[in-house]
Structures are given as C-alpha cells and as structure tokens.
Amino acid sequence: KAGVTQTPRYLIKTRGQQVTLSCSPISGHRSVSWYQQTPGQGLQFLFEYFSETQRNKGNFPGRFSGRQFSNSRSEMNVSTLELGDSALYLCASSSGGTPLNTEAFFGQGTRLTVV
Amino acid sequence: SQKIEQNSEALNIQEGKTATLTCNYTNYSPAYLQWYRQDPGRGPVFLLLIRENEKEKRKERLKVTFDTTLKQSLFHITASQPADSATYLCALPAPYGNKLVFGAGTILRVKS
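The present account deals with the structure reproduced in this document. (Residues numbered from 1 in each chain as written. Chains lettered and ligands numbered in written order. Predicted model: local features only at pLDDT ≥ 70, side-chain atom pairs only at ≥ 80, totals over all residues. Heavy atoms only, no water.)

Topic: the environment of Phe105 of chain A
Residues and elements named next belong to chain A.
Logical step 1: Positionally, Phe105 belongs in strand β10 (residues 105-106).
Logical step 2: A relative accessible area of 31% places Phe105 in the partly exposed class.
Logical step 3: As for Phe105 and Lys57, which are separated by 48 residues in sequence, their C-alpha atoms are 19 Å apart. (Helix = DSSP H or I, 4+ residues; strand = E, 2+ residues; numbered from the N terminus. Buried < 20%, exposed > 50% of the residue type's maximum accessible area, 1.4 Å probe, protein only.)

See the structure below:
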C-alpha cells in the first residue's frame, strides 16, 4: 500500500510569488490535513478536508488556501509569499471520518524556502 | 485555549536504559492522545494512541500512560537503542473541530 505522497519535495520561491503544493493520500483515505512546521512554532494546523469539503481551518491568513478533489488528492496554495512562509509543509491522511481517533499518516513533506 | 507542554530540553540517555518523555496539557480534557516519532527532514510517524479510559498501552518496547487527573501522558521506551534517537511528539484532538494539536516535541538522543 503506497504511503502519502507529497510533491514537490523541495521548492525555492521568491517573495511575492505564489506556490501550489500537492498531496496524494493513502488509497481509501478521505480525510487530508495540512500542517506547517517551523523550528520556532512546531507543527501548526492549517486546514482539513474530508470528501472535498473543508471541515476545519487553523489560524492562518487568507493567503493560505486549499482544496480537495473527488479522488481525495489535495492541494494547498500560498499566495503573495513572505519570508516567514519558509517551512516544512506536511500533509496527513487518515481513514476515519475524523482524524482524531485514528492514526494520521504523514507524507515526507515539502520544504519551501522563500528568498 | 488548550496548551500542550513537552520537555523543552533534549533527553540524553545511555543505550539500554529506559527513556521517559512527558506530555502535559491544560485547559482541556481530551478523549484521546497520540504519540508520534519524527526524524530530521521527514514527516511524523504514528506510534501509539491511548484513550482516556485506557490508563496504559504497550507496543513492543513502547509504553504510554494517560493520567487524566494529572493531565499528563508519559511515554516510555525500554531498552533504548541509538536508532530510537529522534523527536517525539504528543498530539491531542482540539476541543473543537477535526484537528490534532501537537506539542513542540522532545528530542531524544540515545548514546551507545
């Protein structure tokens, strides 16, 4: 069974640009969550999608957005990039209707560097 | 809002000893608590989930306890090995919404 796949693994962007990150969950998993990880803030929740609907959103500005497709694949977009957006972006999928009482499977992450 | 605290300093132990990591939380009574392992540059890997009615859970050399009175979970690795060196994260479901809230993690270093 293939794990969670995130693409690309590494990305370098310039301030002001936008970026789209992709996440393919484990087959059969309908819940996909996105996290931002930085050394200072740790893992911060961005949003969670289930069956193409955003069920929950973290405390991030509107520049951060996402979507989920009918095949459960998800994308997140960050517009007008800032230096502070440099981070490891992780997505996690889970099998249950909620990510709370089942394990979350994380991808390898996308390392975004904004210069 | 809920707050999760893990040992901020790295834990250095000798191979073969038992490592004990702490996760404390406040302002909240979660129904579940999870532990993850994260290696540098990689995503977290799920280790154990313990429910509020389970005082203790074991998996091979791992043991987790969940004290809802103390609002604390302890994570033990017995007979530790250098390969156990990693960052260990505890995670709780947020009071509202479908999301996990993670602690900052504790770095464990096992020396041979």
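Some words on unusual backbone geometry
Logical step 1: Cis peptide bonds are those with omega within 30 degrees of zero, and the linkage from Thr7 of chain A to Pro8 of chain A qualifies with -10 degrees.
Logical step 2: One can find Pro8 of chain A in the loop between β1 (5-7) and β2 (10-13).
Logical step 3: Even without being glycine, Ser51 of chain A reaches a positive phi, approximately 50 degrees.
Logical step 4: Mapped onto the fold, Ser51 of chain A is located in the loop between β5 (42-50) and β6 (53-57).
Logical step 5: Phi is positive for Lys71 of chain B, close to 55 degrees, though the residue is something other than glycine.
Logical step 6: Structurally, Lys71 of chain B can be placed in the loop between β7 (62-67) and β8 (72-77).

A closer look at the interface of chain B and chain A
Logical step 1: Listed as interface residues are 19 residues of chain B and, on the opposing side, 20 residues of chain A.
Logical step 2: Taking both partners together, chain B and chain A bury about 1,700 Å²; carbon and sulfur atoms supply 54% of that area.
Logical step 3: Considering only the side of chain B, the residues that lose the most area to chain A are Asn98, Lys99 and Phe102 of chain B, jointly responsible for 33% of the buried surface there.
Logical step 4: Here chain B is connected to chain A by 0 salt bridges.
Logical step 5: Scanning the region where chain B abuts chain A turns up 2 residue pairs in polar contact (both at pLDDT 80 or more).
Logical step 6: Taken together, the elements giving at least two residues each to the side of chain B that touches chain A come down to β4 (32-38), β5 (45-51), β9 (86-93) and β10 (100-102) of chain B. (Contact = heavy atoms within 4.5 Å. Buried area = accessible area lost by both parts, 1.4 Å probe. Salt bridge = Lys/Arg side-chain N within 4 Å of Asp/Glu carboxyl O. Polar contact = N/O pair within 3.5 Å; in protein donor to acceptor, adjacent residues only side chain to side chain.)

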